[in-house]
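If you want the building blocks of each chain, they are given just below.
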Amino acid sequence: MLKPKYIIDTATGVVKKSAVTLRGIVVTAVKYLLAASVLALLWYILFALFFNTDVEKKLKAENKVYEQVYPQMKEDMYLLGAVVKGLDHRDVAIYESIFHSAIPTSSDFDIAMAGDDDSDSDVSSFTRSKLVSALDGASKVDENFRRAFAILLGKDACVPPVSAPIGNFSSIRAGASVGMKTSPFLKMEVTHEGLDIIAPSGTDVVAAADGIVLSVARSTQGHGNMVTIKHNGGYVTRYGNLGSIGVRKDERVKRGSRIGTVGMSGISYAPHIHYEIIRDTLVCDPARYMFASVAPEDYADLVMVSASTGQTLD
């Protein structure tokens, strides 16, 4: 309730109650509302400073967890960055080894970056130069194909072993290839001169090309049971860690004919074939001689997997 106010009548000198006006009521109400708002705000501030809601408690707990795991996450991000850089370098090496050229850069696609300010004559000149370069490259490719066909049709034509030594071969069966690889038995890097091909024991092993069996060896050491076949053009293929052998020395074999089975003879970590290709005493990478057994996209995976696998199976 509003307290009554008293005023002195200047005309009569009598003290009397002042009349209650609407304005007075509104002003008084506003004062009370402002006072209540200020008190509510102060109460909320004090409550927020000394008391935490369930949501605030949960957020604070999460912040503590983030503070603990942040250093490890930062280190993991650094390691991931290093891995990505390593993969980039590996991609470049794989591209260059397959296509024998550097990966195209943005400068090779300048025409795509042409702006509105470029005149028609500039674009036409650029297109003409690129077309001439493309035609020149196409003529070289055509000439190379002509030379290749001429060699293949000649009397002394020689096709290297380009088939896999097992059926249904794909990149998922590829292990370590030629190079310095870690031995699972010696726990150190050793020279690996073939391609490990993973397959179940008893899987048929076939000749990669026509040839004559140069030697048949049975052993419990090294690459174990091994068949060596001589082919035209100075090529020799070797099939090691065999379970059984199905050919004899000096026997003629055809591409795809059975010569033995997959096993774990010799020093072997798991059932597989140790497959080698040699030409005139030069060790070749068998992963690059599988054109007749894999699709083009699988061939790229095969080269990458065999090159990146760091441990052998023998």
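As the structure is a computational prediction, the values presented were derived from the model and not from experiment.

Scoring rules and cut-offs
- Each chain has its residues counted from 1, running along the sequence as written.
- Thresholds applied to this predicted model are a pLDDT of at least 70 for local features of residues and 80 or more for the giving and counting of side-chain atom pairs; totals over whole chains, interfaces and linings are not thresholded and use all residues.
- Derived side-chain values reflect all non-hydrogen atoms in the structure, with water molecules and hydrogen atoms excluded from consideration.
- Numbering of helices and strands runs from the N terminus; a helix is a DSSP stretch of H or I covering at least four residues, while a strand is a stretch of E covering at least two.
- Throughout this description, buried means an accessible area under 20% of the type-specific maximum (1.4 Å probe, protein chains only), exposed means over 50%, and partly exposed covers the range between.
- Calculation of accessible area relied on Shrake-Rupley with a 1.4 Å probe; when residues are assessed, cover is drawn exclusively from the protein chains displayed.
- A helix is expected to span 1.5 Å multiplied by its residue count minus one.
- It is the directions from the helix axis to the C-beta atoms that the arc portrays.
- Paired rings are identified among Phe, Tyr and Trp, the last through its six-membered ring, by centres lying within 6.5 Å, and are further divided according to the angle between planes into stacked (under 30 degrees), edge-to-face (over 60) and tilted (the rest).
- Criterion used throughout: strands pair if DSSP finds at least two bridges between them.
- Without a salt bridge and with relative accessible area above 30%, a residue can belong to a patch; like charges are then joined within 9 Å and nonpolar side chains (Val, Leu, Ile, Met, Phe, Trp, Tyr) within 5 Å.
- One speaks of a salt bridge when a side-chain nitrogen belonging to Lys or Arg is within 4 Å of a carboxyl oxygen belonging to Asp or Glu.
- As used here, the term nonpolar core means buried Ala, Val, Leu, Ile, Met, Phe, Trp, Tyr and Cys residues forming a set that is joined through side-chain atoms within 4.5 Å.
- A contact between two residues is defined here by any heavy atoms of the two lying within 4.5 Å.

Enquirer: Sorry if this is basic, but what is going on with the overall build of the chain here?
Expert: Of regular secondary structure, the chain possesses four helices and 13 strands. Residue burial in the chain is summarised as follows: out of 314 residues, 24% are buried. Accessible surface computed for the chain: about 21,800 Å², of which carbon and sulfur atoms make up 61%.

Enquirer: Please clarify how helix 4 (residues 296-308) should be interpreted in this entry.
Expert: Residues lying three or four places apart along an α-helix face the same way, a consequence of the helix completing one turn every 3.6 residues. In this model, helix 4 (13 residues) spans 19 Å end to end at C-alpha, consistent with the 18 Å of a helix rising 1.5 Å per residue. Those residues of helix 4 that fall on the buried side of the exposure criterion are Asp 298, Tyr 299, Leu 302, Val 303 and Ser 306. For helix 4, the buried positions fall inside an angular range of 145° around the axis, keeping them on one side.

Enquirer: Quick question: what am I supposed to make of the packing of aromatic side chains here?
Expert: Centre-to-centre distance and the angle between the planes together describe a pair of aromatic rings. Tallying each qualifying case throughout the model produces four aromatic pairs. Between Phe 185 and Tyr 269 the ring centres are 6.2 Å apart and the planes differ by 75°, which places this aromatic pair in the edge-to-face class. In this pair, Phe 185 sits in the loop between strand 3 (179-182) and strand 4 (189-192) while Tyr 269 sits in the loop between strand 11 (258-262) and strand 12 (272-279), placing the two residues 84 residues apart along the sequence. Taking 5.4 Å as the distance between ring centres and 35° as the angle between the ring planes, the aromatic pair formed by Tyr 239 and Tyr 275 counts as tilted. With Tyr 239 in strand 9 (residues 235-245) and Tyr 275 in strand 12, this pair connects stretches of sequence that are 36 residues apart.

Enquirer: What is the right way to read the pairing of strand 3 from this model?
Expert: Strand residues, when the strand is regular, have side chains that alternate between the two faces of the sheet. As paired strands, strand 3 and strand 4 are joined by four bridges and run antiparallel to one another. By the bridge assignment, Gly 179 is partnered in strand 4 with His 192. Where strand 3 hands over to strand 4, the hairpin turn is made up of six residues, of which Lys 187 adopts a positive phi near 60°.

Enquirer: Before we go on, may I ask you to explain a nonpolar patch on the surface in this structure?
Expert: A grouping of Val 38, Leu 39, Leu 41, Leu 42, Tyr 44 and Ile 45 is seen on the molecular surface, where their side chains present a nonpolar patch of about 620 Å² in accessible area. Topologically, Ile 45 is positioned in helix 1 (residues 22-50).

Enquirer: I keep staring at unusual backbone geometry and nothing clicks. Help me out?
Expert: Peptide bonds are trans in most cases, and residues, glycine excluded, mostly fall at negative phi. Phi at Asp 250 takes a positive value of approximately 70°, unusual for a residue other than glycine. Secondary-structure assignment places Asp 250 in the loop between strand 9 and strand 10 (252-253). Phi is positive for Asp 280, which is not a glycine, with a value near 50°. Looking at where Asp 280 falls in the secondary structure, it is placed in the loop between strand 12 and strand 13 (282-284).

Enquirer: Would you take a moment to explain the nonpolar core for this structure?
Expert: In terms of nonpolar packing, the biggest core is built from 32 residues, with Val 227, Tyr 239, Ile 259 and Met 290 touching the most fellow members. When contributions to this core are tallied by element, the ones reaching two or more residues are strand 5 (195-198), strand 8 (225-230), strand 9, strand 11, strand 12 and helix 4. Sorting elements by how many residues they give to this core places strand 9 first, with four residues.

Enquirer: What am I meant to see in the pattern of salt bridges here?
Expert: Between side chains of opposite charge, a pair can form when the charged atoms approach closely. Per the stated rule, a full pass over the model turns up three salt bridges. Arg 258 is paired through a salt bridge with Asp 204; the nearest N and O atoms lie 3.0 Å apart. Here Arg 258, found in strand 11, pairs with Asp 204, found in strand 6 (residues 204-206); they are 54 residues apart in sequence, far enough to count as distant. Since its relative accessible area comes to 40%, Asp 204 is described here as partly exposed. Among the salt bridges present, the one from Arg 288 reaches Asp 285, with a minimum N-O distance of 3.7 Å.

Enquirer: How should the side chain of Asn 225 be read in this particular structure?
Expert: Position of Asn 225 relative to the elements: it lies in strand 8. For Asn 225, the contacting residues outside a window of four places in its chain are Ala 217, Arg 218, Ser 219, Tyr 239, Gly 240, Asn 241, Leu 242, Gly 243, Ile 245 and Ser 265.

Enquirer: Can you walk me through the environment of Met 264 in this structure?
Expert: Position of Met 264 among the secondary structure elements: in the loop between strand 11 and strand 12. In this structure Met 264 comes out as partly exposed when scored by relative accessible area, which is 42%. Once you skip the residues sitting within four places of it in the chain, Met 264 turns out to touch Asn 241, Tyr 269, Ala 270 and Pro 271.

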